[in-house]
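Residue-level structural notes
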2 protein chains.
Amino acid sequence: MEMTEKVQHRVVVIGAGFAGRYAARALRGADAHVTVLNATNHHVFAPLVYQVATGVLSPGEVATPVRELFRRQDNAEVLLGWATDVDVEGRVVTAIAPGGLPYQLPYDTLVVAAGAAQSYFGNDGFAEHAPGLKTLDDAVELRARIFSAFEMAELETDPAAVQRWLTFVIVGAGPTGVELAGQIAEIAHRTLPGEYRRIDPAGARIVLLDAADRVLPAYRPRSSAKAEKRLRKLGVEVHVGAKVVDVDATGVVFETGAGTRRLEALTKVWSAGVAAPSLAGRIAAATGAETDRAGRIKVEPDLTVAGHPEIFVVGDLMSRDGLPGVAQVAIQGGGYVGRTVKRRLAGRQAGRPFRYLDKGTMAVVSRFSAVADLPGGLRLSGLAGWLLWLLVHWAYLPKGRNRVGSLARWTVAFLGRRRPERAVTSHQALSRTAPRASAEPDHEPALR
Amino acid sequence: MEMTEKVQHRVVVIGAGFAGRYAARALRGADAHVTVLNATNHHVFAPLVYQVATGVLSPGEVATPVRELFRRQDNAEVLLGWATDVDVEGRVVTAIAPGGLPYQLPYDTLVVAAGAAQSYFGNDGFAEHAPGLKTLDDAVELRARIFSAFEMAELETDPAAVQRWLTFVIVGAGPTGVELAGQIAEIAHRTLPGEYRRIDPAGARIVLLDAADRVLPAYRPRSSAKAEKRLRKLGVEVHVGAKVVDVDATGVVFETGAGTRRLEALTKVWSAGVAAPSLAGRIAAATGAETDRAGRIKVEPDLTVAGHPEIFVVGDLMSRDGLPGVAQVAIQGGGYVGRTVKRRLAGRQAGRPFRYLDKGTMAVVSRFSAVADLPGGLRLSGLAGWLLWLLVHWAYLPKGRNRVGSLARWTVAFLGRRRPERAVTSHQALSRTAPRASAEPDHEPALR
């Protein structure tokens, strides 16, 4: 007796950022079982994470439950876990759940969309003192550091200590660094004045450093110039051609043509460069794929790994034609991969190679002011750029959910001076300054 | 040569909950320097904290920066710190900032509004396994536990383990316990179904325990009956006359007339009883004031400590005429204290003793259903009670701020099935289940 049972094609998608989300989404209706594996319970709307860090949006407004995104996609399931390894020969992904529960996911097709982490260019010790701004954890931590710094300054009596608390250094003047510098300046100049009695929040120093010769080095020079001018007007100190050589608990050391300088600053943020997670190295070693300097995996024109048509790499982890690690590359790449797999499953011919359609790029410098480099040499800046930013980002927010809420927040933050999401938990306040702790409150909830 | 410089009267308010907030507020325009000391940077709108724990509201929607509240009150300053001790003779409060920076605040008048913590009736070991729900820390932690429990259940293959993750026990059937049980039931029955492929979220057990003979024991019996009926309809298991005798990592043991039972449950919440912080004990010892069983300080008719007209105690820390620890007692008591101090400073006669005006009390059982005990024997339940609840709570939210946002959230949560604030950070997910950890992700932000 012979039984033939059709075994469904299994697609495992590692990561539910833009790339993984759009890849899995494009498989809707495909004859496949899709498993989306993500390390947290949420998809992060990365371009707005800095607004959580600066008190404009709530975590829930930039972090959508992954399950909610795939609720209506019957062929997709969502699992919480970190992909720790891939058995390329046996076609199995190993993952661990929070708490260490290990499990395995066999696949027929693998989509690696695990994203990239912050790179400290070999100085990983900097991370403790200057966290990055990629995840929701980063944003919530940075928010606590920014708003707590002003609180601590108010309590200090030594003017040097006050100044250390009121100095904010942002390393890296890409879009995130520029947006963050502008936002911290607005917090210091617009949100907090009037709330303090001992310090003047507007006296805060916001310092933006970059080793390149201009801010927004990936943008057109005129956009860089506009952004820098606007930043200076906001009171941000901009140092370009400044290479950071040391970061410790109380300051930053950087080199410029003019020599080496140290800045005393208790709050530092790092937004300079990306590094692939070690999973990428393991996949590269197992498949023989090449990686670039940042450890990203080089892919074929159809975004597969050479010699492994069943493995796709997409998003920030993908290295291809010098494409930047931005949302649009991840969104378009993810969609392409999903469609390619669907086409294969339907037995159709291979499609055309992946082609990135440049829709332009934008960075907000302050409220009512952004720079936008658009295709065809078009450039917008100031209010026009900002309105375009508002429109595009609002349109791309996951539908139906917090769009109304976000709009309300933006109205409050842009028209008024308020930042609705400033609450720092006790847990954060204590861990923030723990090295100094000499006594602990007696009914402190975080210490239970 | 003689110089006479008028020294301004110094009022120190310990705590910026409802009592402290309204006391300091009533001192607006008084000839005094008011210092509001708070352990966090925010005032918590306590009656809505459970909505943060269950993903409806964002932290910023129930936590207003204390500084923002006093921005326009020129005679008030806000300092971040824990009051650790009071030198009653020398009239000095000692506080520590996060990180251990100690400082002292001399006072002429002291308002102690430090609130109360959760009481475990001598079993403080329960706290780790069954946190309370009083602070923003509590809410964010509980939210992570609730939503992570379903995620973990989805990953388990052992049916008993699945059931442990899907059993939620709430100890204490006061308003917070009832509201929480109702909300978790709504999460299980309305929010999550459709999002899971392996488990059925609607199969979750939500168990509400109380040692009293009915839920909402402080309400009128008919309200209790209505609430219990509605809870059962939502699928909540209600056990009254059930005394919890043990809580550990994986379960709860309780005694009823019928004997002793153990429930296997990985998520437990404690909302049964309050305890005064140790500061209260120190103040009582130094002033000779009596305390009640919970450690709350007994006060005179004008809310001062006997023999110490310069020390007021108000809010949850105050023991007077059996008044309950609810927002209205704190709000009215705080206002009374502020006005009393202002009157004294103006050289006017002492006013009348504090009289609490009972405005009634309300608890939400589920969306569209609440019970309200109003003055004069009036009772509302069901939709009418719920509409009253909505109106009153919205009206009491700090003005101008997140009221629009909150209304948007409520609309989303009440009319739809969604809970907008469900994101669990990696840090929380890891700490949540840390005892089990056997491996750690390699580029995990929380581990930096």
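As shown above, the structure is provided for reference.
Because the structure is predicted, anything quoted here is derived from the model rather than measured. (Residues numbered from 1 in each chain as written. Chains lettered and ligands numbered in written order. Predicted model: local features only at pLDDT ≥ 70, side-chain atom pairs only at ≥ 80, totals over all residues. Heavy atoms only, no water.)

**What to know about the overall build of chain A**
A tally of helices and strands in chain A yields 14 helices and 25 strands. Expected size for 448 residues packed as a compact globule is a radius of gyration near 22 Å; at 23 Å, chain A falls within 12% of this value. Taking the principal axes of its C-alpha atoms as reference, chain A extends roughly 85 × 60 × 45 Å. Here chain A holds 448 residues, and the buried ones make up 58% of them. Only carbon and sulfur atoms are counted for the fraction: they give 53% of the accessible area of chain A, which is about 17500 Å². Separation of charge centres in chain A, based on 55 positive and 45 negative side chains, amounts to 9 Å. (Helix = DSSP H or I, 4+ residues; strand = E, 2+ residues; numbered from the N terminus. Rg over C-alpha atoms; globule rule 2.2 N^0.38 Å. Buried < 20%, exposed > 50% of the residue type's maximum accessible area, 1.4 Å probe, protein only. Areas by Shrake-Rupley, 256 points an atom, 1.4 Å probe, with all protein chains shown as cover. Lys, Arg positive; Asp, Glu negative; His and termini not counted. Charge placed at Lys NZ, Arg CZ, Asp CG, Glu CD.)

**Describing the pattern of salt bridges**
Two side chains carrying opposite charge are able to pair once their charged atoms lie near each other. All chains considered together, the criterion is met by 34 salt bridges over all chains. With its nearest N and O atoms 2.9 Å apart, the salt bridge here joins Glu151 of chain B to Arg67 of chain A. Pair noted here: Glu151 of chain B is in helix 6 (residues 136–155) and Arg67 of chain A is in helix 4 (residues 66–69), and the two residues belong to different chains. With a relative accessible area of 6%, Glu151 of chain B lands in the buried category. The class for Arg67 of chain A is buried, based on a relative accessible area of 2%. Arg422 of chain A serves as the salt-bridge partner of Glu195 of chain A, at 2.7 Å between the closest nitrogen and oxygen. Note that Glu195 of chain A is positioned in the loop between helix 8 (175–191) and strand 12 (205–210) and Arg422 of chain A in the loop between helix 13 (403–415) and helix 14 (426–432), a separation of 227 residues in sequence. (Salt bridge = Lys/Arg side-chain N within 4 Å of Asp/Glu carboxyl O.)

**Observations concerning helix 11 (residues 327–345) of chain B**
The end-to-end C-alpha distance of helix 11 of chain B, which contains 19 residues, comes to 27 Å, matching closely the 27 Å that a straight helix rising 1.5 Å per residue would cover. At the exit of helix 11 of chain B stands Gly347 of chain B, carrying a positive phi of roughly 75°. (Expected span 1.5 Å × (residues − 1).)

**Thoughts on the packing of aromatic side chains**
Residue and element names in this part refer to chain B. Throughout the structure, instances matching the rule amount to 14 aromatic pairs over all chains. Considering the side-chain rings of Phe150 and Phe168, the 5.3 Å spacing of their centres and the 25° angle between planes classify their relative orientation as stacked. One end of the pair, Phe150, is in helix 6; the other, Phe168, is in strand 11 (residues 167–171), and 18 residues separate them in sequence. On the accessibility criterion, Phe150 (0% relative accessible area) is buried. Overall, Phe168 belongs to the buried group, its relative accessible area being 1%. On the numbers, 6.5 Å between centres and 45° between planes, the contact of Phe150 with Tyr196 is tilted. Here Phe150 is found in helix 6, whereas its partner Tyr196 is found in the loop between helix 8 (175–191) and strand 12 (205–210), with 46 residues between them in sequence. (Phe/Tyr/Trp six-rings, centres within 6.5 Å; stacked < 30°, edge-to-face > 60°.)

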